[in-house]
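Results of the structural survey
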Amino acid sequence: MKQIKSQSLLLSERYTQIDIFENRIEISRVLGSDMADESSYDVLHGVGNEHEILQLSDAAYAEEWQFQEPLQMSMIPSQMKRDDRLSPSSLVTPAAVVKVGKWKGLKEEEDDHQIVWPPMVVIRNTSIPTDNKWKGMRSLELLQQFSSYDAIKARHFYGPQGHLGISLLIFEKSAAGYTEAERLHKSFSMQGIGRDAWNSCPAAATIQGGARQLYGYLAAKDDLDFLNKYCQGKLKYEMKSYREVIVNQIKKLSEDSQQLIWVKLRLRVKEMHVKNLEESVCAQRKKLHLKREEMSKLRQRIQQQHEEHKEEIKFLENFYMYQIRGLEAKVTEEAPATLNQADSDIFQMEEYEET
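From a predicted model like this one, the values you see are computed outputs, not experimental measurements.

What about the overall build of the chain?
Across its full length, the chain carries 10 helices and eight strands. The 355 residues of the chain split such that 23% are buried. Intrachain contacts of the chain at a sequence separation of at least 6 include 67% that bridge at least 24 residues. Accessible area for the chain stands at about 27400 Å²; split by element, carbon and sulfur atoms hold 55% of it.

Here is the structure:
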């Protein structure tokens, strides 16, 4: 069954190839160009090995072969009417094939934007009316109200009638500070009390119980220019590139973090190495202490044996000296008798010689 399926697939592929080249030959005849080459006729008449992949000699054919599937779909009408001559209007030329160019991404200028530096969040509706003037929130009170967002200081704006109900939370000049300011901005926006909500609500917005609802949004250049123009006290700020102060700083922080992780790993390896060395030194110290104790015991044993040998030698020395003295005394006692006997023997020999 597998062989039959494979043969049927090969036959269907061959018929498809023959149909493609027949259509190409008809196209070339209509256009008056010699597009049919020997390989085309070989396919039509079954010349060559049917299991080999067809090789096109013309570069245009090779390019067209890459789009075999759309070309087959475009040739369905011609396959249904092989005997009819194709009209020029029904022909599909290589120029009709859609050519895909390079991919197009974001524009370079749209990939970056200017942000207020240091990061700031505008807090609106921070004042309440009194008898003569408007009184606003204190800086400490405002910072405590948003203590979970790590603002470093607060700034308020005043006019002739007192507090204008406009305050600023200023964050540190870092990617972390901007992240906290942006997080506060998103929190206001998600709860429906952001910039758009403030622009569409009355100035003295309240909630149940008479408490004044605070609104907030990330400060833009227009906001700060307005405050510097109409309010008392100038606010210093500058515009920075988001890519420069945030993206690049985050990348640098990431690289520093990776470097810190690497240093920590190296430090941990060194600490483990030092710990192993300390354990090895401690073990060697114990061994050295045991060796010293063994050496001390050995010295004591040698000293003890030396004393014992010294006493033994002294005893033997005294013993042999006593023996020597006894022998000397014995020799001294026997010496006169021996001399007298020797003299008598010599006298007898002399008398014998005279006779």
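Quick notes on a nonpolar patch on the surface
Where nonpolar side chains cluster on the molecular surface, the patch consists of Phe-315, Leu-316, Phe-319, Tyr-320, Met-321 and Ile-324 and spans about 600 Å² of accessible area. Residue placement: Phe-315 occurs in helix H10 (residues 242-354).

Structural notes on the environment of Phe-188
If you trace the backbone, Phe-188 turns up in helix H7 (residues 175-190). Owing to a relative accessible area of 5%, Phe-188 belongs among the buried residues under this scheme. For the pair Phe-188 and Ile-123, spaced 65 residues apart in the sequence, the C-alpha separation amounts to 9.9 Å. Contacts of Phe-188, omitting those with residues within four sequence positions, involve Ile-123, Phe-146, Ile-193, Gly-194, Leu-214, Tyr-215 and Gly-216.

Brief notes about the side chain of Asp-223
Its location among the elements puts Asp-223 in helix H9 (residues 221-230). Judged by relative accessible area, Asp-223 falls into the buried class, the value being 15%. Reaching out from Asp-223, the side chain makes a polar contact with the backbone nitrogen of Ala-220 at a distance of 3.0 Å.

Notes on H7
Under the 1.5 Å per step criterion, the end-to-end length of H7 is 22 Å for 16 residues, consistent within 8% with the ideal 22 Å. Phi turns positive, to about 75 degrees, at Gly-192, one or two residues after H7.

Things to note about the confidence of the model for the chain
For the chain, per-residue confidence averages 76 on the pLDDT scale, and 61% of positions sit at 70 or higher. A low-confidence stretch, residues 33-57 (pLDDT under 50), is modelled with 35 contacts involving residues beyond four sequence positions or located in other chains. Across residues 81-93, confidence stays below pLDDT 50; counting only partners more than four residues off in sequence or on other chains, it has 17 contacts.

A short note on unusual backbone geometry
For the bond from Trp-117 to Pro-118, the omega torsion is 5 degrees, close enough to zero to count as cis. One non-glycine residue, Asn-125, lies in the positive phi region at around 70 degrees. In this fold, Asn-125 is placed in the loop between strand E2 (120-124) and strand E3 (127-129). Its identity is not glycine, yet Asp-150 carries a phi of approximately 60 degrees, on the positive side. Relative to the assigned elements, Asp-150 resides in the loop between helix H6 (139-145) and strand E5 (153-159).

Concerning the pattern of salt bridges
Evaluated as defined, the whole model comprises four salt bridges. Salt-bridge contacts for Glu-180 lead to Arg-183; the nearest nitrogen and oxygen are separated by 2.8 Å. Of this pair, Glu-180 and Arg-183 both sit in helix H7, three residues apart, roughly one helical turn. When its relative accessible area of 36% is taken as the criterion, Arg-183 is described as partly exposed. We note a salt bridge from Asp-225 to Lys-221, for which the minimum N-O separation is 2.9 Å. In this pair, Asp-225 and Lys-221 both sit in helix H9, four residues apart, roughly one turn of the helix. Asp-225 sits in the partly exposed class, given a relative accessible area of 30%.

Some remarks on the packing of aromatic side chains
Each aromatic ring pair is characterised by the separation of its centres together with the angle its planes make. The final tally for this structure, using the stated rule, is four aromatic pairs. Ring centres 5.6 Å apart and planes at 55 degrees place the aromatic pair Phe-146 and Phe-188 in the tilted group. You can see Phe-146 sitting in the loop between H6 and E5 and its partner Phe-188 sitting in helix H7, a full 42 residues away along the chain. The exposure classification of Phe-146 matches that of Phe-188, with both residues buried. With a centroid separation of 5.4 Å and an interplanar angle of 70 degrees, the aromatic rings of Phe-319 and Tyr-320 are classed as edge-to-face.

What about the environment of Leu-169?
By secondary structure assignment, the location of Leu-169 is in strand E6 (residues 162-170). Considered as a pair, Leu-169 and Asp-150 are 19 residues apart in the sequence and their alpha carbons are 9.6 Å apart. Contacts of Leu-169, omitting those with residues within four sequence positions, involve Pro-119, Met-120, Val-121, Ile-123, Leu-142, Leu-143, Phe-146, Ala-151, Lys-153, Ala-154 and Leu-184.

Side note on the nonpolar core
Membership of the largest hydrophobic core comes to 23 residues, with the highest contact counts inside it found for Ile-123, Phe-146, Leu-169 and Leu-184. Secondary structure elements with two or more residues in this core: strand E1 (114-117), E2, H7, strand E7 (215-218) and H10. For this core, the leading source of residues is H7, giving five residues. In this structure, Phe-146 is in contact with Ile-123, Leu-169, Leu-184, Phe-188 and Leu-214, ignoring residues within four places of it in sequence. Counting 13 residues, the second-largest nonpolar core is a separate cluster that includes Ile-170, Ala-219, Leu-227 and Cys-231.

Thresholds, definitions, all that
Residues numbered from 1 in each chain as written. Predicted model: local features only at pLDDT ≥ 70, side-chain atom pairs only at ≥ 80, totals over all residues. Heavy atoms only, no water. Helix = DSSP H or I, 4+ residues; strand = E, 2+ residues; numbered from the N terminus. Buried < 20%, exposed > 50% of the residue type's maximum accessible area, 1.4 Å probe, protein only. Contact = heavy atoms within 4.5 Å. Areas by Shrake-Rupley, 256 points an atom, 1.4 Å probe, with all protein chains shown as cover. Patch = residues over 30% accessible without salt bridge, like charges linked within 9 Å, V, L, I, M, F, W, Y side chains within 5 Å. Salt bridge = Lys/Arg side-chain N within 4 Å of Asp/Glu carboxyl O. Polar contact = N/O pair within 3.5 Å; in protein donor to acceptor, adjacent residues only side chain to side chain. Expected span 1.5 Å × (residues − 1). pLDDT = per-residue confidence, 0-100. Phe/Tyr/Trp six-rings, centres within 6.5 Å; stacked < 30°, edge-to-face > 60°. Core = buried A, V, L, I, M, F, W, Y, C linked by side-chain atoms within 4.5 Å.

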